[in-house]
Amino acid sequence: MKKLLGLILLMSSFMVNAQSNSELISHYEAYYEQMIKQGDVQGIINAMTHLNVLSPSQARKDTLAYIYMDQGMNRQALNTIGIEKNPNDSDIAIQVKALSLKALKRPELAIPFFEEMFKRDPNPLVAYELAELNIQLRKTGEAEKHIIYGLANSKDDMKKAFFETQTPYEVPLKSAFMYLNALNVYNKDTKANIDAAVDILDAALKESPNFNMIQITKNELLRQKQVLQAQEAQTKN
């Protein structure tokens, strides 16, 4: 009899906890919806965190990580879903890992996730990211492969934003690939290829006269050329 009573009490406890857990989930689901209506991002994060604790799911983790990333909280995003490469990762998880690692200036870790994004959905925008990251790592061969793809597949309506001025601006994606091509050509031989890189920049500038970053880069390359010429003249003397 005592064992039966103990079992009944234990089962009752489970039922109460289950009911309480269900009520909390319903509460935070409603709270989550309300925070969305109010545009309260921190509230959304709090609600999703509670829901993931009460009823864990990969979809909730991915959503929470995406919200963190969207708010520039890249470390929190990666702490939520990790940086391991998993073939079962959702498209959202792959995107979060790629963009967050890039934002944290870890190109060598970001590249495999951008490669996975490109594998799942080949497109010039992802190719641009891959070209840019490989240029940062001086992997000119890999960068060139993605630049060639981007130049061949960029559509007229595709744009790339730049932020080096007080007012951000956009240029055609093809012009942005021409800019990367100039950088990559220069990286192949930083002394012999200055003129070739400047020629590519000039061609891109004709396509996009508002491309301020090209003018900055061109001026720097021409300055380097003057320095090299001065060094050569001094050596001859």
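In case you missed it, the structure is sitting above this.
Okay, so let's go over this structure.

Definitions and limits used
- Residues numbered from 1 in each chain as written.
- Predicted model: local features only at pLDDT ≥ 70, side-chain atom pairs only at ≥ 80, totals over all residues.
- Heavy atoms only, no water.
- Phe/Tyr/Trp six-rings, centres within 6.5 Å; stacked < 30°, edge-to-face > 60°.
- Helix = DSSP H or I, 4+ residues; strand = E, 2+ residues; numbered from the N terminus.
- Buried < 20%, exposed > 50% of the residue type's maximum accessible area, 1.4 Å probe, protein only.
- Axes fitted to C-alpha atoms, helices over the stretch in contact; angles between N-to-C directions.
- Parallel < 35°, antiparallel > 145°, perpendicular 65-115°, else oblique.
- Left-handed = near helix turned anticlockwise from the far one by under 90°.
- Contact = heavy atoms within 4.5 Å.
- Pairing = 2+ DSSP bridges.
- Core = buried A, V, L, I, M, F, W, Y, C linked by side-chain atoms within 4.5 Å.

1. Notes on the packing of aromatic side chains
For the structure shown, the criterion picks out 8 aromatic pairs. Between Phe118 and Tyr149 the ring centres are 5.0 Å apart and the planes differ by 80°, which places this aromatic pair in the edge-to-face class. You can see Phe118 sitting in helix 6 (residues 107–120) and its partner Tyr149 sitting in helix 8 (residues 140–153), a full 31 residues away along the chain. In this structure Phe118 comes out as buried when scored by relative accessible area, which is 18%. Arranged with centres 4.8 Å apart and planes meeting at 55°, the rings of Phe162 and Phe211 form a pair that is tilted. Highlighted residues: Phe162 in strand 1 (residues 159–162) and Phe211 in the loop between helix 10 (194–207) and helix 11 (212–236), separated in sequence by 49 residues. Exposure class is identical for Phe162 and Phe211. Each is buried.

2. Some points on the packing of helix 4 (residues 74–81) against helix 5 (residues 91–103)
Running from N to C, helix 4 and helix 5 point in directions that differ by 140°, and their axes come no closer than 9 Å. Between helix 4 and helix 5, the interaxial angle falls into the category oblique. The element helix 4 and its partner helix 5 pack so that their crossing is left-handed. From helix 4, Asn74, Ala77, Leu78 and Ile81 reach across to helix 5, where they touch Ala93, Val96, Lys97, Leu99, Ser100, Leu101 and Ala103.

3. Here we look at the pairing of strand 2 (residues 169–172)
Pairing geometry for strand 1 and strand 2, over 4 bridges, is antiparallel. What sits directly across from Lys160, in strand 2, is Val171. Counted between consecutive antiparallel strands, the loop separating strand 1 from strand 2 contains 6 residues.

4. So, unusual backbone geometry
Leaving glycine aside, a negative phi is the common case for residues, and trans is the common case for peptide bonds. At Lys105, a residue that is not glycine, the phi angle is positive and equals roughly 60°. Inspection of the secondary structure puts Lys105 in the loop between helix 5 and helix 6. With relative accessibility at 69%, the residue Lys105 sits in the exposed group. Positive phi values are uncommon outside glycine, yet Arg138 reaches one of about 60°. Tracing the backbone shows Arg138 in the loop between helix 7 (124–136) and helix 8. We classify Arg138 as exposed; its relative accessible area is 54%.

5. Examining the nonpolar core
Counting 41 residues, the largest nonpolar core has Phe114, Phe162 and Phe211 as the members making the most contacts within it. Within the residue set of this core, elements represented by two or more residues are helix 5, helix 6, helix 7, helix 8, strand 2, helix 9 (173–188), helix 10 and helix 11. By residue number, the principal contributor to this core is helix 9, which donates 9 residues. When neighbours within four sequence positions are excluded, Phe114 is seen to be in contact with Ala98, Leu99, Lys102, Val126, Glu129, Leu130 and Leu133. Membership of the second largest hydrophobic core comes to 18 residues, among which are Ile25, Met35, Leu64 and Val96.

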